[in-house]
Amino acid sequence: MAIISRGFSGRRSASEAKLPPGQYLTTDFPVLSAGPTPRISLDRWEFTIDDGRNVLKRWDWKSFRELPTETITVDLHCVTRWSKLNTSWEGVSLDILIADLKTDLPYAMFRSSGDYTTNLPLKDVMNKQAWIAFKYNGADLEPEHGGPARLLVPHLYLWKSAKWVKGMTLMRNNKPGFWENLGYHIYGDPWQEQRYSTE
Ligand SMILES: Nc1nc2c(c(=O)[nH]1)N[C@H]1C(S)=C(S)[C@@H](COP(=O)(O)O)O[C@H]1N2
Ligand SMILES: [Mo]
């Protein structure tokens with residue numbers, strides 16, 4: 001008996017081609033949180049950028065929502081091996097937030113309500129690679145998924161997309177955040193399968 005394999009057409013399907021190594025497709029939207037879901041009221045929400053000494057920029061919800069927004073469709077890849085394709089978000093590009101920032105500090109630690117942190121090279125949040133997203137599928141982002149607003153960095157494993165994000169601290173040297181300290185990769189490129197710090 002012939003086994004009709006997925007290679008029947010001689011090509012991978014479009015969705016398989018979008019799947020990094022070791023990942024499987026899911027259509028639901030799992031919730032992965034290291035702690036309880038914080039409830040953040042919009043009148044207390046803020047996002048700040050600091051250099052470890054001084055606050056350089058600060059937005060409250062009103063001024064943040066006056067910034068230009070983008071609607072984007074991106075693929076999500078969690079290090080626990082699920083991937084979700086073509087997710088739709090609305091958010092403010094990090095390019096907008098750091099546009100007139102003058103700094104020679106090449107790394108950033110993103111900070112969330114709760115104790116969650118995650119580190120990123122500044123160049124990875126520039127040039128339409130990262131957003132602070134406040135809508136998912138056209139609706140206000142659910143608290144479980146990081147609402148009112150979360151970082152979205154779809155080209156890296158999803159632990160880099162800090163939920164309930166409240167600020168970024170610019171750094172001279174790269175430092176591990178929450179999961180990176182627990183053995184996950186300092187960078188986390190899903191296409192290179194950079195899951196753990198030994199890889
Ligand atoms: N503040 C915060 N952000 C977080 C996390 C967390 O525990 N706390 N978990 C991360 C991990 S490991 C993943 S896979 C994604 C999960 O996002 P989701 O719950 O919306 O699927 O959020 C990331 N951002
Ligand atoms: Mo994750």
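Described in the following lines is the structure provided in the data block. (Residues numbered from 1 in each chain as written. Chains lettered and ligands numbered in written order. Predicted model: local features only at pLDDT ≥ 70, side-chain atom pairs only at ≥ 80, totals over all residues. Heavy atoms only, no water.)

### Quick notes on the environment of His-145
To be explicit about the condition: Secondary structure elements are taken from DSSP: a helix is a run of H or I of four residues or more, a strand is a run of E of two residues or more, and numbering for both begins at the N terminus. When checking whether two residues touch, look at their non-hydrogen atoms; a contact exists if any pair is within 4.5 Å.
Within the secondary structure, His-145 sits in the loop between β9 (139-140) and β10 (150-152). Between the C-alpha atom of His-145 and that of Phe-29, which follows or precedes it by 116 residues, the distance is 8.9 Å. Setting aside residues no more than four positions away along its own chain, His-145 makes contact with Phe-29, Pro-30, Val-31, Arg-150 and Lys-163.

### Quick word on the site of ligand 1
How we decide: Neighbouring residues are identified by heavy atoms, a residue being near a molecule or strand if any of them is within 4 Å of it. For the purposes of these results, a polar contact is taken to be a pair of N or O atoms within 3.5 Å, where, inside protein, one atom must be able to donate a hydrogen and its partner to accept one; residues adjacent in sequence count only when each atom of the pair is a side-chain atom. Note on areas: Shrake-Rupley with a 1.4 Å probe; residue coverage comes only from the protein chains shown. The classification used treats Ala, Val, Leu, Ile, Met, Phe, Trp, Tyr, Cys and Pro as nonpolar, Asp, Glu, Lys and Arg as charged, and all other residues, Gly among them, as polar.
The environment of ligand 1 is formed by 20 residues, the closest being Pro-30, Ala-34, His-145, Arg-150 and Lys-163. One of the backbone nitrogen or oxygen atoms of Leu-32 is found 2.9 Å away from an oxygen atom of ligand 1. With respect to ligand 1, the side chain of Ser-112 contributes an N or O atom lying 3.4 Å from a nitrogen atom. In the complex, the protein chains occlude 97% of the 530 Å² of accessible area that ligand 1 would expose alone. For the shell around ligand 1, a count of residues per class yields 13 nonpolar, four polar and three charged.

### Quick word on the packing of aromatic side chains
Counted only if it meets this: When the centres of two rings from Phe, Tyr and Trp lie within 6.5 Å, Trp using its six-membered ring, the rings pair. Their planes under 30 degrees apart give stacked, over 60 give edge-to-face, and anything left gives tilted. When a residue's accessible area, from a 1.4 Å probe over protein chains only, is under 20% of the maximum for its type it is buried; when over 50% it is exposed; and in between it is partly exposed.
Inspection of every chain in the model, using the stated rule, returns 16 aromatic pairs. An angle of 45° between the planes, with centres 5.6 Å apart, marks the rings of Trp-61 and Phe-64 as tilted. Taken together, the residues Trp-61 and Phe-64, both in helix α2 (residues 61-65) and three residues apart, mark about one turn of the helix. Given the relative accessible area of 16%, Trp-61 is considered buried. Under the relative-accessibility criterion, Phe-64 is labelled buried at 1%.

### Focus on the sheet that holds strand β11 (residues 165-171)
Rules: Two strands form a pair only when DSSP identifies at least two bridges running between them. To get an axis, a line is fitted to the C-alpha atoms, and for a helix only the part in contact is used. The angle between two axes follows their N-to-C directions and goes from 0 to 180 degrees.
Within the open sheet, the five strands sit side by side as β3-β2-β11-β6-β7. Their pairing is mixed. Both edges of this open sheet fall to β3 (55-60) and β7 (117-121), since each of them pairs with a single strand only. Within this sheet the neighbouring strands show an average axis-to-axis angle of 15°, counted without direction. For strand β6 (residues 107-112) and β7, the ladder comprises five bridges, and the chain directions are antiparallel. Paired with Tyr-107 across the strands is Pro-121, a residue of β7.

### Description of the nonpolar core
Applicable threshold: What we call a nonpolar core is a set of buried Ala, Val, Leu, Ile, Met, Phe, Trp, Tyr and Cys residues that are connected through their side-chain atoms within 4.5 Å.
Within the largest apolar cluster, 33 residues are counted, with the highest numbers of intra-cluster contacts made by Phe-47, Phe-64, Leu-94, Phe-110, Ile-132, Leu-151 and Met-168. Looking at this core, the elements that each hand over two or more residues are β2 (46-50), α2, α3 (94-97), β6, β8 (131-136) and β11. At three residues, β11 tops the list of elements feeding residues into this core. With residues up to four places along the chain from it excluded, the contact list for Met-168 reads Phe-47, Thr-48, Ile-49, Asp-50, Leu-94, Ile-98, Ala-108, Met-109, Phe-110, Arg-111 and Leu-122. Val-74, Trp-82, Trp-131 and Ala-133 belong to the second largest nonpolar core, which has 13 residues in total.

### So, the pairing of β6
Joining the antiparallel neighbours β6 and β7 is a turn of four residues, in which Gly-114 adopts a positive phi near 90°. Sheet topology places β6 next to β11; six bridges connect them, and they run antiparallel. Of the residues in β11, the one forming a bridge with Met-109 is Thr-169.

### Some details on the side chain of Ser-161
Within the secondary structure, Ser-161 sits in the loop between β10 and β11. For Ser-161, a relative accessible area of 2% puts it in the buried group. Setting aside anything within four residues of it in sequence, one finds Ser-161 in contact with Arg-150, Leu-151, Leu-152 and Val-153.

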